[in-house]
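Survey of secondary and tertiary structure
Below, each chain spelled out in residue letters.
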Amino acid sequence: MAANFAPWVVAGREVSIGRAGCFPADDHLFRSDRNQFEVVDQLPARVLGWRLETRPEAGTATAGGGVAGDIVARPSDHILLSSRINPDESRPLATRSSWLSKLLPVRLGHLVSVSLATRKPVPELAGRLRDLGFELELPDHVPADLADGDVILLSEKCDGRDPWLRLSSKVGAGHLLAAAAATGRTVAQVADRLTRFGYRVPDVEAFPLAYDRNDLVLVSVNQDGKSPWHAGDWVQLGHLLAGALKTGRSPREVADRLRLFGFHIPAAEEIPDRVEQFDPLLLSFGLTGRSPWLLPRFGVTAGRVFSLAADTGISPPLIGARLHALGFRPPELPEIQPDDAVLISRDLDGRAPWLSVWETVPWGHLLVASQLLGRSPEEVGKRLGLLGYQVETPGSHSFDGGDPGDKLLVSMLRNGRSPWRSVDKPLTITEVLQIAKESGRRRIDVAKRLGRLGYEVSESSLLPEESEVIDQLMILPDQNLRGARPLDIERVVPPGHIYATARNLGLSVPQVVAGLRRFGFRIPPLPAYERKITEDEVRLLSKYLNGRSPWLPAEEPVPPAHVVRILAAGWELPRAVEGLAMFGMRIAKPSRSRFGHADNVIPKLSRGR
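A short tour of the structure in this document, coming up. (Residues numbered from 1 in each chain as written. Predicted model: local features only at pLDDT ≥ 70, side-chain atom pairs only at ≥ 80, totals over all residues. Heavy atoms only, no water.)

The next point concerns the side chain of Ser356. Residue placement: Ser356 occurs in the loop between α17 (340-343) and α18 (363-373). With residues near it in sequence (within four places) discarded, Ser356 still touches Arg346 and Tyr389. (Helix = DSSP H or I, 4+ residues; strand = E, 2+ residues; numbered from the N terminus. Contact = heavy atoms within 4.5 Å.)

What follows is the structure, given as structure tokens:
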């Protein structure tokens, strides 16, 4: 029964799950669509290696035939490795991307939910996940007397599902209140239970006996009565005033209420008698009226005051006076100039979003502002400095007033809009070619113009042109293709890019290699390959088997996930392995596990049947 609890199809045949393993099913794993790519990218190499081991041997292995017979499959694996368990039916939800991810540690709530569904103890489940290659976030001890309500307590939204509480974070008072309401337990019972699971919780002895919706609003980070909950000890003045506006209580009433829930609040003399509608805007770090909140030690700049004045219609002197009343030291306000709002707006249009006074203003912002306002970059920088901003300055420049095309050159997205380009590092040949392509200018002209504007460009950007079109096509993929990426000068060129470029441009591989080396790109070792490259062979080297970027990286072995994609696309694996080896690509060898020797996967698969 344990080994044959349900039909299981592997390689088109119904087989014993005791031999083939029961996760993931073929109809979920070996299918050729975008969802399948997301599934395999989430899974550890050990899990994929396990499934690859058993696929060709399922139900037909002979004695001494390999590693498949060493695998101990469990029906519960299908539940254990699903990130979404139906709390009513104790089975996985068949939804897209519903498997545990290798990118995040598995949290306690997941193990408790699976334990309740399978009646297996948490330590056993934890050991199984470790064997499968997952990292865990667990306490030293887990209570043995698990109850159905525990999954409610351990879930961030008190719904018994992922996302689960983190052991590394203190549980907020709001979570205790919401969990008590969801389970029918008292707040003290919820706190005691979470403590037994290893979580840090607030001291609930002083909590009020009764609470309402407004209390949930006050203890939630976004003042909406929902997770995430405020879990810190200190409540900032901005949070307190925003809560007063949301609940209709006075600031002092809010302070008294929050104190009952164990929070430290500002001193009584720092709390105003009344709250103004625009107070949350004044005190929010990002001028949004929401968390995170300013601290008095941050200080307030003239630029921030002018931004608030433009957003609220309140005069800068009144804003400064209100900040002073709230315990902040207002800045010395220079005389307002008509262009100030333009200068401090990110898009130089006099409207939000505004520059952040905690970030250095990039040189590109100064250049575009200079052209727009008819001032020199130095004059623009000096005015921004008076408003409290730090600005970039290049080593040298010969700005001549600019021309309309400069906006595209200094725009990071090459669209003539913010974010603007910084002078913190030289532009690579790839970046210069991208600008040249978007602007319709010659590469060497773009590189020289950027140099005059104060930007440093790579030496290869100034090389004489041989064929602008060929250079662009060798380095820049078709940007209309989904997932297409230009070459990164910091990384070895992927073999797939080299062979696809040779095929698409009608060039030989040595010609492509010579062209890329001319611009400073690093080339991987390539095998001798004289005959014509076929389209199918190039597809093998692309992540999505479509013959396009993104390509398999040269510095890394081919992962088991790519082998799964090859099978899903209907390739005969021996032919695919041979093709990859022909291009100099080696296959990953996942580490051994106690239930199988994953390092034998590819040699065995490549022999086929």
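One finds Val112, Leu129, Leu176, Leu194, Tyr199, Leu283 and Leu384 to be the most contacted residues of the largest nonpolar core, which totals 114 residues. Ranked by residue count, the leading element in this core is helix α9 (residues 173-183), at 6 residues. Not counting residues within four places of it along the chain, the set of residues in contact with Tyr199 comprises Leu108, Leu154, Leu165, Arg166, Leu167, Val171 and Leu194. (Core = buried A, V, L, I, M, F, W, Y, C linked by side-chain atoms within 4.5 Å. Buried < 20%, exposed > 50% of the residue type's maximum accessible area, 1.4 Å probe, protein only.)

Once that is clear, we can look at helix α10 (residues 187-196). For α10, the full list of buried residues reads Val187, Val190, Ala191, Arg193 and Leu194. Down the axis of α10, the sector holding all buried residues measures 165°, keeping them to one side. Buried residues along α10 sit in contact with α8 (150-154) and α9. Where α10 ends, the next residue or the one after it, Gly198, has phi of about 95°, a positive value. (Arc of directions from axis to C-beta.)

To continue, consider the pattern of salt bridges. Any two side chains of opposite charge can pair if their charged atoms end up close together. Summed over the entire model, instances satisfying the criterion amount to 27 salt bridges. For Asp279, the salt bridge is made with Arg322, and the minimal N-O distance between the two is 2.6 Å. Taken together, the positions of Asp279 in helix α14 (residues 279-283) and Arg322 in helix α16 (residues 316-325) put the pair 43 residues apart, joining distant regions of the chain. No difference in accessibility class separates Asp279 from Arg322, as the two residues are buried. Across the pair Glu359 and Arg346 runs a salt bridge whose closest N-O atoms are separated by 3.4 Å. Taken together, the residues span a long stretch of sequence, with Glu359 in the loop between α17 and α18 and Arg346 in the loop between α17 and α18 at a distance of 13 residues. Classification of Glu359 as partly exposed rests on a relative accessible area of 45%. (Salt bridge = Lys/Arg side-chain N within 4 Å of Asp/Glu carboxyl O.)

The final tally for this structure, using the stated rule, is 2 aromatic pairs. Aromatic pair Phe207 and Phe261: ring centres 5.2 Å apart, planes at 80°, arrangement edge-to-face. In this pair, Phe207 is assigned in the loop between α10 and α11 (213-218) and Phe261 in the loop between α13 (251-260) and α14, connecting sequence segments 54 residues apart. The pair Phe207 / Phe261 is uniform in exposure class, with both members buried. A centroid spacing of 4.4 Å and a plane angle of 20° characterise the contact between Phe285 and Trp358, whose relative ring orientation is stacked. Taken together, the positions of Phe285 in the loop between α14 and α15 (302-312) and Trp358 in the loop between α17 and α18 put the pair 73 residues apart, joining distant regions of the chain. Residue Phe285 is classed as partly exposed on the basis of its relative accessible area, which comes to 30%. (Phe/Tyr/Trp six-rings, centres within 6.5 Å; stacked < 30°, edge-to-face > 60°.)

A cis geometry characterises the amide bond from Ala352 onward to Pro353, with omega recorded as 5°. Within the secondary structure, Pro353 sits in the loop between α17 and α18. Geometrically, the link from Ser549 to Pro550 is a cis peptide bond, its omega value of 5° lying close to zero. Mapping Pro550 onto the fold places it in the loop between α26 (535-539) and α27 (560-568). The backbone of Cys158 sits at a positive phi, close to 55°, despite the residue not being glycine. For Cys158, the position within the fold is in the loop between α8 and α9.

In this section: the environment of Leu373. With respect to the helices and strands, Leu373 occurs in helix α18. The contact partners of Leu373, leaving out residues within four places of it in the chain, are Asp339, Val342 and Leu343.

Right, let's talk about the environment of Arg442 for a bit. By the element assignment, Arg442 lies in the loop between α21 (429-439) and α22 (443-452). Looking at Arg442, the relative accessible area reads 43%, which means it is partly exposed. Residues Arg442 and Glu465, 23 residues apart in the sequence, show an inter-C-alpha distance of 8.8 Å. At 3.0 Å, the side chain of Arg442 and the side chain of Asp445 are in polar contact. (Polar contact = N/O pair within 3.5 Å; in protein donor to acceptor, adjacent residues only side chain to side chain.)

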